[in-house]
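What follows is each chain in one-letter form.
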Amino acid sequence: MASFLALFSSLLWGGADFLGGNLTKRYKALAVTGVSQSFGLLFGLITILLGSAWQMPTLSWSNYFLPGVFAGVMGFVGLTAFYAGLATGRMGVVSPISSLSVLIPLSIAFINGEKPTTLQITGMSVALAGAFCASGPELKGGLSPRPLIYAVIAALGFGGAISFIAVGSKSSAIMTMTTMRFSTFIISLLLFAKYKTTGGFSKKDIPVLIGIGAADFFGNLLLGVATTKGLVSLAVVMGSLFPIVTAILAFKFLHERLHKVQYLGVALAISGVIIIALS
């Protein structure tokens, strides 16, 4: 159950990254992140109301509030850097490096004493290798520093956010995610006030922004729930396969050519998932 939820979160994240990356080619990354995450807050509030899931926040680390705030800030920074990096057109640099963000929560899970079986570790290793290769890493050619910097910031932001999501979800996954979105909403308001603009989006962009916000919110929520249903290490690995979805969507709708290493990555990722399922 945990692996399925985390795998579905990858599908949602991959779709959100595809839409967000495309939109950032026409608008500022901060604006795309801010507006889409604000819609994510709306989905969170609706979910809490419908599910009667409200819990009182406290300043204890065993509560959802502080982890949710930190996850929101780090997620906002990571997502903005990721979109900005994709907008440079160097997906082969940004996506594979940012996919390594999983190493942060994975390391924390091992430090906290998780001990997956040998078969599970094998499956996770194969799946991670697949996610990296499916991102289409640029193995040759010069690397300009800007996309590289964006990719590292995205990896640190995503890795930190996922780690705090796992902590907060022990108290309440839905409240953690909604607190995340509330944090990003406050950041967005401050940025909108500073730059005196909400990004200049047209009406036809609003459904896309809503879709990004919804996919990212529920992707986070599913991963948060998954970390409470089994091994955190397994959940974060299965949730890190989103670059495969982004690459396939780019191939399907933008007619971007897949390199041989990406086909290999998809095959490895599927093999890794099968190994984990068999375990």
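Thresholds, definitions, all that
Every chain is numbered independently, its residues counted from 1 as its sequence is written. For this predicted model, a pLDDT threshold of at least 70 governs which residues receive local features, and a threshold of 80 or more governs which side-chain atom pairs are given and counted, while totals over whole chains, interfaces and linings are taken from all residues. Calculation of side-chain values draws on the structure's entire complement of heavy atoms; hydrogens and water are dropped beforehand. We count a stretch as a helix when DSSP gives it H or I for four or more residues in a row; a strand needs E for two or more, and each element gets its number in order from the N terminus. To estimate the expected span of a helix, subtract one from its residue number and multiply by 1.5 Å. Residues are treated as being in contact if the distance between any of their heavy atoms lies within 4.5 Å. For every residue, the pLDDT score states the predictor's confidence, bounded by 0 at the bottom and 100 at the top. Only buried residues count toward a nonpolar core. Its members are Ala, Val, Leu, Ile, Met, Phe, Trp, Tyr and Cys residues joined through side-chain atoms within 4.5 Å. Exposure classes here rest on a 1.4 Å probe applied to the protein chains alone. A residue is buried below 20% of its type maximum, exposed above 50%, and partly exposed in between. What counts as a ring pair is set by centres within 6.5 Å for rings of Phe, Tyr and Trp (its six-membered ring), and what kind of pair is set by the plane angle: stacked under 30 degrees, edge-to-face over 60, tilted for all other angles. Under the rule applied, a polar contact is a pair of N or O atoms within 3.5 Å (in protein, one hydrogen donor and one hydrogen acceptor; residues adjacent in sequence only if both atoms are side-chain atoms).

### What about helix 12 (residues 260-278)?
Here's step 1: The terminal C-alpha atoms of helix 12 lie 27 Å apart, and with 19 residues this matches the ideal 27 Å at 1.5 Å per residue to within 8%.
Here's step 2: Residues of helix 12 that are buried in the fold lie against helix 1 (2-23), helix 6 (118-134), helix 10 (232-238) and helix 11 (242-253).

### Side note on the environment of Gly72
Here's step 1: Along the chain, Gly72 turns up in helix 3 (residues 65-87).
Here's step 2: On a C-alpha basis, the gap between Gly72 and Gly157 in space is 9.6 Å, while along the polypeptide they are 85 residues apart.
Here's step 3: Not counting chain neighbours up to four residues away, the residues in contact with Gly72 comprise Met180, Ser183 and Thr184.

### Comments concerning the confidence of the model for the protein
Here's step 1: For the protein, per-residue confidence averages 89 on the pLDDT scale, and 96% of positions sit at 70 or higher.
Here's step 2: Confidence, read as mean pLDDT per element, is least for helix 4 (residues 91-99) in the protein (75) and greatest for helix 9 (residues 206-229) (95).

### Here's the deal with the nonpolar core
Here's step 1: Of all hydrophobic cores here, the largest spans 52 residues; its most connected members are Leu23, Val32, Phe82, Tyr83, Phe201 and Val237.
Here's step 2: Counting residues per element, this core draws most heavily on helix 1, at 7 residues.
Here's step 3: Excluding residues that lie within four positions of it along the chain, Val32 makes contacts with Gly20, Leu23, Thr24, Tyr27, Tyr83, Phe201, Leu209 and Ile212.
Here's step 4: Counting 11 residues, the second-largest nonpolar core is a separate cluster that includes Ile48, Tyr64, Met175 and Leu221.

### Some remarks on the packing of aromatic side chains
Here's step 1: Taken as a whole and assessed by the stated rule, the structure comprises 11 aromatic pairs.
Here's step 2: With a centroid separation of 6.1 Å and an interplanar angle of 25 degrees, the aromatic rings of Trp61 and Phe164 are classed as stacked. Taken together, the residues span a long stretch of sequence, with Trp61 in the loop between helix 2 (29-51) and helix 3 and Phe164 in helix 7 (residues 145-169) at a distance of 103 residues.
Here's step 3: Within the aromatic cluster, the residues linked to one another by ring pairs are Phe43, Phe217 and Phe218.

### Remarks on the side chain of Thr227
Here's step 1: Structurally, the position occupied by Thr227 is in helix 9.
Here's step 2: A polar atom in the side chain of Thr227 sits 2.6 Å from the backbone oxygen of Gly224.
Here's step 3: For Thr227, the contacting residues outside a window of four places in its chain are Ala166, Ser169, Val232 and Ala235.

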